[in-house]
Amino acid sequence: MAHALPHLDARTVGELSFWRRYIFSQDHKVIGIQYALTSMAMAVLGGVLALFIRLQLGWPGRSWPLLGRLFPGGMPEGQMSQAFYLAAVTMHGTIMIFFVLTTLLTGGFGNFLIPLMIGARDMAFPFLNMLSYWLYPPAIVILLASFFVSGGAAGGGWTAYPPLSALPQAAPGSGLGQTLWLVALAVLIVAFLFGSLNYITTVLQLRTRGMSMLRLPLTVWALFVTAILSLLAFPVLLAAAIMLLFDRLGGTSFFVPAGLLVGTTPVDHAGGDPLLWQHLFWFLGHPEVYVLILPPMGMVSDILANNARKPIFGYRFMVGSMVAIAFLSFLVWGHHMYTSGMHPLLGTAFMTTTLVIAVPSAIKTFNWLATLWRGKIRFTSAMLFALGFLSLFVTGGLTGIVLAQPPVDIYFHDTFFVVAHFHFVMASAAIFAAFAGTYYWFPKMFGRMLDERLGRWHFWLTFAGIYATFFPMHYAGFMGMMRRIYSPQLYAHLQGLAPLNVFVSLAAFVLFAAQSIFLYNFFRSLFRGPRAERNPWGATTLEWTAPSPPPHGNWGPALPVVQRWAYEYSPPNAAQDFLPQTAPAAVPVGREPGALGGDGERRR
């Protein structure tokens, strides 16, 4: 159902001003790159906040005079205040989950890839797409403004549990900073909803001729399922955020119970329940885990198949597993609330659904391994990061099975064991997939190649840094080290962990420093990288049939026509080891199957 978009007529595009073409652009590729670059900037900020956390945990009580001069409010006399530490923890989690990973994976890669991979000229609603991005910077400004208001940024954690988040007088970070946190999140959620509507409509309505649903690349399937997930889950959090704002500003009592005291002062609320927030938050919160991990699963599938030079193993099972994961993700939110006084039978039900969701995840893992089996593996930077994703996902997934058990989770809940699990299975794995996607699609985005040697250095330092930083946290959690703790040295049973905390902090600094290799490679290659060919990786999917970088409208007057599925690698009796999706069904030996302009295109 490909369609023409009058606003993308080549002559019209040529007449657009710089502002309309590159700033307030309706081109999906420009919007995708805008999302990606903004997310990268936010990732640096989120990383700096993580360094503050590790600085405090590695050397609690130590004075840092230079930092004291740079941040006199948060580090008076060089020592980090408790309020600043809690704000750093809260804002690090908020920024990395909502303002980096969600925006980069769905906003960045989703915008850039979906139309190109399904043979469309743009998104179904280009103006809505532009509006989606331009809600993102205001949300950032509102969020960051909270650092400069009285009381500082929100300090109640990225989960914003009431009553800390509901009562402005509860703690320093519960004041105006918490209100700004809620407003920023609400604005960003509206942006996510605009994007999700666009992705679903585009995939359903704008696929080019021959692109049936079961010929879609797994990247598109993953982004499509993620969009449905987002559309169903994010409104719940949006409603909860508005209700919490009413509690804070309007005198309602959705989440604040009666009889509460702050210090010795009674709180003027009645009838609310803090657990209601937890239910609403985690109804979004656990699907959000899969909003962050499904797109990486799709991207990694395409990169593994391409670099193993083999068809993806079990394509239909891979699609079915993603759909199953999305469905089951709405049935597991209670496993975040085992310590809330939940009835054991209900806890058992949530344990069962949590264990069941491991089945489709395991199917995908075994299918990836089967794809690699006896493949002609090319260890490109993209492939290394894709393999790193597998390692991190399996490591984090195994500890997820441990935490699914209520008796075990009640002990580990609120300890660094959960921090380690979370950073392996979701944060690090998703970031590795994002790096893999960047190395893989950078030539298509910018028409230039990244430096592979620097990419390998980046991978090995990051891979070692991730394991050195987060794996020891399992032990810290096992020993009872609490999450969001300001100073482990205040507790006798944690004082023996001081050397381990120093080691973890040093590893985190190395991990952060390793990202400078990527940033140097990225921005240097933008201007000085070798020119990219149209299809430098020998890939099969449609985006590689467009020029690098693709023009407005992606293709010339003709749209590609799909003749086959997306994973025709190493076909027998073919002239080369891949057949693009546009290659005719029967390709004589010796013919260039990827050549466009012949049978693989149709005139519109």
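Structural data are supplied above this passage.
Bear in mind the structure is a predicted one, so any value in this text is a computation, not a measurement.

A look at the overall build of the chain
And then number 1: When you go through the chain residue by residue, the secondary structure sums to 18 helices and four strands.
And then number 2: In terms of overall size, the chain behaves like a compact globule, its C-alpha atoms giving a radius of gyration of 25 Å where 604 residues would be expected to give roughly 25 Å.
And then number 3: Projected onto its principal axes, the C-alpha positions of the chain cover 85 × 55 × 50 Å.
And then number 4: When the 604 residues of the chain are sorted by exposure, 58% land in the buried category.
And then number 5: Restricting the contact set of the chain to residue pairs at least 6 apart, pairs at least 24 apart contribute 78%.
And then number 6: Carbon together with sulfur atoms contributes 70% to the accessible area of the chain, which is approximately 23,400 Å² in total.
And then number 7: Computing the positive centroid from 34 side-chain charges and the negative centroid from 21, the chain places the two 8 Å apart.

Considering the pattern of salt bridges
And then number 1: Inspection of every chain in the model, using the stated rule, returns four salt bridges.
And then number 2: For the salt bridge of Asp 577 with Arg 309, the shortest nitrogen-to-oxygen distance reads 2.9 Å. A residue pair is termed long-range when its members are at least 10 positions apart, and Asp 577 in the loop between β3 (558-560) and β4 (601-603) and Arg 309 in the loop between α10 (274-308) and α11 (315-328) qualify at 268 residues.
And then number 3: Among the residues examined, Arg 309 registers a relative accessible area of 4% and is labelled buried.

Quick word on the nonpolar core
And then number 1: Within the largest apolar cluster, 182 residues are counted, with the highest numbers of intra-cluster contacts made by Phe 98, Phe 99, Phe 109, Trp 277, Trp 368, Phe 389 and Trp 441.
And then number 2: The biggest single contributor to this core is helix α5 (residues 82-118), with 22 residues.

Some details on the environment of Lys 29
And then number 1: Take Lys 29: it is sitting in helix α3 (residues 28-58).
And then number 2: Distance in space between the C-alpha atoms of Lys 29 and Gly 553 is 9.7 Å, their sequence separation being 524 residues.
And then number 3: Engagement of the side chain of Lys 29 in a polar contact is seen with the backbone oxygen of Pro 551, the distance being 3.1 Å.

Digging into the packing of helix α8 (residues 176-205) against helix α9 (residues 218-250)
And then number 1: Taken N-terminus to C-terminus, the directions of α8 and α9 make an angle of 150 degrees; their axes are 8 Å apart at the nearest point. Between α8 and α9, the angle falls in the class roughly antiparallel. The element α8 and its partner α9 pack so that their crossing is left-handed.

Considerations on empty space enclosed by the protein
And then number 1: Counted by the stated rule, this structure contains two cavities of 30 Å³ or more.
And then number 2: Taken as a whole, the largest cavity holds about 120 Å³ of empty space.
And then number 3: Around the largest cavity sit 17 residues that line it, and Thr 106, Phe 192, Gly 195, Ser 196 and Tyr 199 are the ones nearest its centre.
And then number 4: Put simply, the parts of the chain that give the lining of the largest cavity at least two residues each are α5, α8 and α9.

Considerations on unusual backbone geometry
Working note: non-glycine residues mostly have negative phi, and peptide bonds are mostly trans.
And then number 1: Cis geometry is adopted by the peptide bond preceding Pro 163, which originates at Pro 162 and carries an omega value of 5 degrees.
And then number 2: Structurally, the position occupied by Pro 163 is in the loop between α7 (136-145) and α8.
And then number 3: In this structure, Pro 549 follows Ser 548 across a cis peptide bond, with omega equal to -5 degrees.
And then number 4: Tracing the backbone through its elements, the reader meets Pro 549 in the loop between α18 (498-528) and β3.
And then number 5: One non-glycine residue, Arg 309, adopts positive backbone phi at about 55 degrees.
And then number 6: Residues other than glycine seldom take positive phi values, yet Arg 374 does so here, at roughly 60 degrees.
And then number 7: Relative to the elements of secondary structure, Arg 374 occurs in the loop between α13 (358-372) and α14 (381-403).
And then number 8: Classification of Arg 374 as exposed rests on a relative accessible area of 73%.

Comments concerning the packing of helix α16 (residues 416-446) against α18
And then number 1: Running from amino to carboxyl end, α16 crosses α18 at an angle of 10 degrees, the nearest separation of the two axes being 11 Å. Relative to α18, the element α16 is oriented roughly parallel. Contacts from Phe 435, Thr 438, Tyr 439, Phe 442 and Phe 446 in α16 reach Gln 515, Phe 518, Asn 521, Phe 522, Ser 525 and Leu 526 in α18.
And then number 2: Tallied by class, residues from the contact of α16 with α18 come to seven nonpolar, four polar and no charged.

Here's the deal with the packing of aromatic side chains
And then number 1: Here the structure, examined in full by the defined rule, presents 61 aromatic pairs.
And then number 2: Here Trp 158 and Phe 422 contribute two aromatic rings whose centre-to-centre distance is 6.1 Å and whose plane-to-plane angle is 35 degrees, an arrangement assigned as tilted. With Trp 158 in the loop between α7 and α8 and Phe 422 in helix α16, this residue pair connects regions lying 264 residues apart in the sequence.
And then number 3: By relative accessible area, Trp 158 is classed as buried at 10%.
And then number 4: Pairing Phe 281 with Trp 282 gives two aromatic rings, centres 5.1 Å apart and planes at 85 degrees, and the pair type is edge-to-face.

Examining the environment of Phe 330
And then number 1: Mapped onto the elements, Phe 330 comes out in the loop between α11 and α12 (344-356).
And then number 2: A C-alpha to C-alpha distance of 12 Å links Phe 330 and Phe 234, two positions 96 residues apart in sequence.
And then number 3: Look past the residues within four positions of Phe 330 in its chain and what remains in contact with it is Leu 229, Leu 232, Ala 233, Phe 283 and Pro 287.

Definitions and limits used
Residues numbered from 1 in each chain as written. Predicted model: local features only at pLDDT ≥ 70, side-chain atom pairs only at ≥ 80, totals over all residues. Heavy atoms only, no water. Helix = DSSP H or I, 4+ residues; strand = E, 2+ residues; numbered from the N terminus. Rg over C-alpha atoms; globule rule 2.2 N^0.38 Å. Buried < 20%, exposed > 50% of the residue type's maximum accessible area, 1.4 Å probe, protein only. Contact = heavy atoms within 4.5 Å. Areas by Shrake-Rupley, 256 points an atom, 1.4 Å probe, with all protein chains shown as cover. Lys, Arg positive; Asp, Glu negative; His and termini not counted. Charge placed at Lys NZ, Arg CZ, Asp CG, Glu CD. Salt bridge = Lys/Arg side-chain N within 4 Å of Asp/Glu carboxyl O. Core = buried A, V, L, I, M, F, W, Y, C linked by side-chain atoms within 4.5 Å. Polar contact = N/O pair within 3.5 Å; in protein donor to acceptor, adjacent residues only side chain to side chain. Axes fitted to C-alpha atoms, helices over the stretch in contact; angles between N-to-C directions. Parallel < 35°, antiparallel > 145°, perpendicular 65-115°, else oblique. Left-handed = near helix turned anticlockwise from the far one by under 90°. 1 Å grid on protein atoms, 1.4 Å probe; cavity = no way out; pocket = protein on both sides within 12 Å on 5 of 7 lines; lining within 4 Å. Points joined across faces, edges and corners; volume = space filled by probe spheres on them. Nonpolar A, V, L, I, M, F, W, Y, C, P; charged D, E, K, R; others polar. Phe/Tyr/Trp six-rings, centres within 6.5 Å; stacked < 30°, edge-to-face > 60°.

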